[in-house]
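Single-letter residue listing:
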Amino acid sequence: MWLLDKLLRKLVKKGELTVIDHDGKEYHYGSPDPDHGPLVLRLTDRRVAWDIAKDPRVGAGEAYMDGRLVMEKGEIRDLALLARYNAPFEKGGLKSKSPLRRAVNAAAGRLDQVNWKSRSRRNAEHTYNLTRRLYELFLDEDRQYTCAYYRDTGNTLEQAQLDKKAHIAAKLHVKPGMRVLDIGCGWGGMALYLNRHYGVEVLGVALAPDQIEFCRERAAAAGVSDKVKFELMDYRDVQGPFDRIVNVGLIEHLGTPHYPGFYAKCRELLTPDGIMVSHCCGRMGGPGLTDKWTRKYIFPGGYIPALSELTGEAERHKLITADVEALRYHYAHTLEEWYRRTEANREEIVDLYDERFFRMWQFYLAGAEAAFRYGGLVNWQVQYLKRRDAVPMTRDYMYEEEARLRAADGEYREEYAPGVQLAAE
């Protein structure tokens, strides 16, 4: 316990934390803080403290999953937020002090990002081929498993996800008659949204079989299977051309060794006046690493890029970076709501899987929220052009189109989904 005690005394200055060791001894850290109330956690055996001290995120995550770290007062979300609150990005963040550990993690992280086609499919299935019911329990009704766009933090998740689609669509500058490619199409929400508003043909591709099956079911139910098609396909096998390419939450799954091929392929697929918009998680600082716990349990092969890693590769492939937006707090609010909905459906999720899975999902959402609220993560929205005159000179067209889409969305919901709550109570 002496090593963990040393680490916590250095870390926790704001907010009160009490740790009860396996033998009942109490250790107190920090000071009262209005934003982070007193927390109490208990360690159930003599090895837990060492497991956490030698590798804090993996040790704490697995100890919580296994019931060896128990929250006596407060939730695991509170603990994750407290840790990041005391070590925000602006003050250097949470960093390993061991050069050896950093080197080992860096090597393992780079190796994990080598996503050849068969491995990409396995990784996608690991992440997305969980039961459909799980995602229904914590996502919005359109199953948007990416950062929402909170024009007002009082808005519901449903409203924020609808506004996200309008925000991205406006940047795509879509016109009727165009052909659009959605790489990493998820459960089909963006593809169906673009077709509904513009009547365009859309091809959505992804690597998780259940996602594609669900997308096809949605297209058939909407009567647009002839215009909105979904294929279980690696983007590297897609044949163009396309007037527009959109990818939402896709780049995080590529791995940096595959960025050159991705940008080269997208440039090849775009028409001469084509536009691509990418929405992805990102780092505010320079290039970094995906932590071991996340690679192991949630996103194998995943990596969150720095902006320089994206725009630098775009430059090398003669794609013009025409617009960049950093969404700073939006994902924190999204993850907070996902965590709340997960908590509200605890019993059903445990029945679907087990208690260990539920605690894993809690830890994942809590840690992610803390990283986006206090750590070095944001969301990037980047617009790329093949030709500089593909969009108007000013951004006014984005604002005007987004406003038009939001108004149309409101009318659509009134006609086809009356009574569905979008705004805050």
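Everything numeric here is computed off the predicted structure, so don't read it as measured data.

Enquirer: How would you explain the pattern of salt bridges if you had to name every residue and give the values?
Expert: A side chain with one charge can pair with a side chain of the opposite charge if their charged atoms come near. Under the criterion given, the structure shown has 36 salt bridges. Asp291 is paired through a salt bridge with Arg57; the nearest N and O atoms lie 2.8 Å apart. One end of the pair, Asp291, is in the loop between strand 9 (270-283) and helix 12 (292-297); the other, Arg57, is in helix 3 (residues 56-65), with 234 residues separating them in the sequence. A residue is classified by how much of its surface remains accessible, and Asp291, at 28% relative accessible area, is partly exposed. Note that Glu336 and Arg373 form a salt bridge whose closest N and O atoms lie 3.1 Å from each other. On the criterion of sequence distance, the pair formed by Glu336 in helix 14 (residues 330-344) and Arg373 in helix 16 (residues 355-373) is long-range, its members being 37 residues apart.

Enquirer: Talk me through the packing of aromatic side chains; I want residue IDs and the actual numbers.
Expert: Counted under the stated rule, the structure contains 20 aromatic pairs. Judged by centre distance (5.9 Å) and plane angle (80°), the rings of Phe299 and Tyr364 are edge-to-face. In this pair, Phe299 is assigned in the loop between helix 12 and helix 13 (307-316) and Tyr364 in helix 16, connecting sequence segments 65 residues apart. For the pair Phe299 and Tyr364, one class covers both residues: buried. Across from the ring centre of Tyr85, 4.3 Å away, lies the NZ or CZ of Lys14, which sits over that ring.

Enquirer: Hey, could you go over the nonpolar core for me, with residue numbers and the actual values?
Expert: Note that soluble globular proteins tend to have their nonpolar side chains buried in a common cluster. Core analysis: the biggest nonpolar cluster contains 67 residues, and Leu17, Leu43, Tyr145, Trp293, Trp338 and Trp361 have the highest contact counts within it. For this core, the element with the most residues is helix 16, which contributes 12 residues. Beyond its immediate stretch of four places on either side in the chain, Leu17 contacts Leu8, Val12, Tyr27, His28, Tyr29, Leu39, Leu41, Leu79 and Leu82. Ranked by size, the runner-up nonpolar core spans 34 residues in total, among them Cys185, Ala191, Tyr193 and Ile275.

Enquirer: For the packing of helix 4 (residues 76-85) against helix 16, give the residues involved together with the corresponding values.
Expert: As a packed pair, helix 4 and helix 16 sit with axes 8 Å apart at the nearest point and diverge in direction by 30°. Taken together, the axes of helix 4 and helix 16 are roughly parallel relative to one another. Where helix 4 crosses over helix 16, the handedness of that crossing is right-handed. Residues Ile76, Arg77, Ala80, Leu81 and Arg84 of helix 4 lie in contact with helix 16, whose contacting residues are Gln362, Phe363, Ala366, Gly367, Glu369, Ala370, Ala371 and Arg373. Among the residues making up the contact of helix 4 with helix 16, the classes are represented as seven nonpolar, two polar and four charged.

Enquirer: Talk me through the sheet that holds strand 8 (residues 242-248); I want residue IDs and the actual numbers.
Expert: Taken in spatial order, the seven strands of this open sheet run 7-6-5-8-9-11-10, and their pairing is mixed. The outermost strands of the open sheet, each flanked by one partner alone, are strand 7 (228-232) and strand 10 (320-327). Adjacent strand axes in the sheet meet at a mean angle of 15° when their direction is disregarded. Helix 8 (residues 157-172) contacts strand 8, strand 9, strand 10 and strand 11 (377-385) of the sheet and is inclined by roughly 145° relative to strand 9. This element, helix 9 (residues 189-198), spans strand 5 (179-183), strand 6 (201-206), strand 7 and strand 8 of the sheet and lies at about 160° to strand 7.

Enquirer: Quick rundown of the state of the cysteines? Include the residues and the values.
Expert: Throughout the structure, instances matching the rule amount to zero disulfides. The structure places no disulfide on Cys147, whose sulfur is separated from the nearest cysteine sulfur, that of Cys281, by 7.4 Å. The cysteine Cys185 is free of any disulfide, with Cys215 supplying the nearest cysteine sulfur at 4.3 Å. The buried category is assigned to Cys185, whose relative accessible area is 5%.

Reading the values: the criteria
- Every chain's residues receive numbers from 1 upward, in the order its sequence appears when written.
- A pLDDT threshold of at least 70 governs which residues receive local features in this predicted model, and a stricter bar of 80 or more applies before side-chain atom pairs are shown or counted, although totals over entire chains, interfaces and linings include all residues.
- As a rule here, side-chain values come from all non-hydrogen atoms in the structure, and water together with hydrogens is ignored.
- A side-chain nitrogen of Lys or Arg and a carboxyl oxygen of Asp or Glu constitute a salt bridge if their distance falls within 4 Å.
- In DSSP terms, a helix is any run of H or I states spanning at least four residues, a strand is any run of E spanning at least two, and both are numbered starting from the N terminus.
- A 1.4 Å probe rolled over the protein chains alone gives each residue an accessible area, and that area as a share of the maximum for its type sets the label: buried under 20%, exposed over 50%, partly exposed in between.
- Here is the rule: rings of Phe, Tyr and Trp (six-membered ring for Trp) pair when centre to centre is within 6.5 Å. Planes less than 30 degrees apart are stacked, more than 60 are edge-to-face, and the remainder are tilted.
- Whether a charge sits over a ring comes down to the Lys NZ or Arg CZ being within 6 Å of the ring centre and within 35 degrees of the ring normal.
- Throughout this description, the term nonpolar core refers to a set of buried Ala, Val, Leu, Ile, Met, Phe, Trp, Tyr and Cys residues connected via side-chain atoms within 4.5 Å.
- Contacts are residue-level and defined by heavy atoms, with any inter-residue pair within 4.5 Å sufficient.
- Axis angles are defined between N-to-C directions and span 0 to 180 degrees, where every axis is a line fitted to C-alpha atoms and, for a helix, only to the segment in contact.
- Note on terminology: angles under 35 degrees are roughly parallel, angles over 145 are roughly antiparallel, angles of 65 to 115 are roughly perpendicular, and the others are oblique.
- Left-handed describes a crossing whose near helix is turned anticlockwise from the far helix by less than a right angle; the clockwise case is right-handed.
- Each residue receives one of three labels: charged for Asp, Glu, Lys and Arg, nonpolar for Ala, Val, Leu, Ile, Met, Phe, Trp, Tyr, Cys and Pro, and polar for the others, Gly being one of them.
- Any two strands with at least two DSSP bridges between them are considered paired.
- Counting rule for disulfides: a pair of cysteine sulfur atoms within 2.5 Å.

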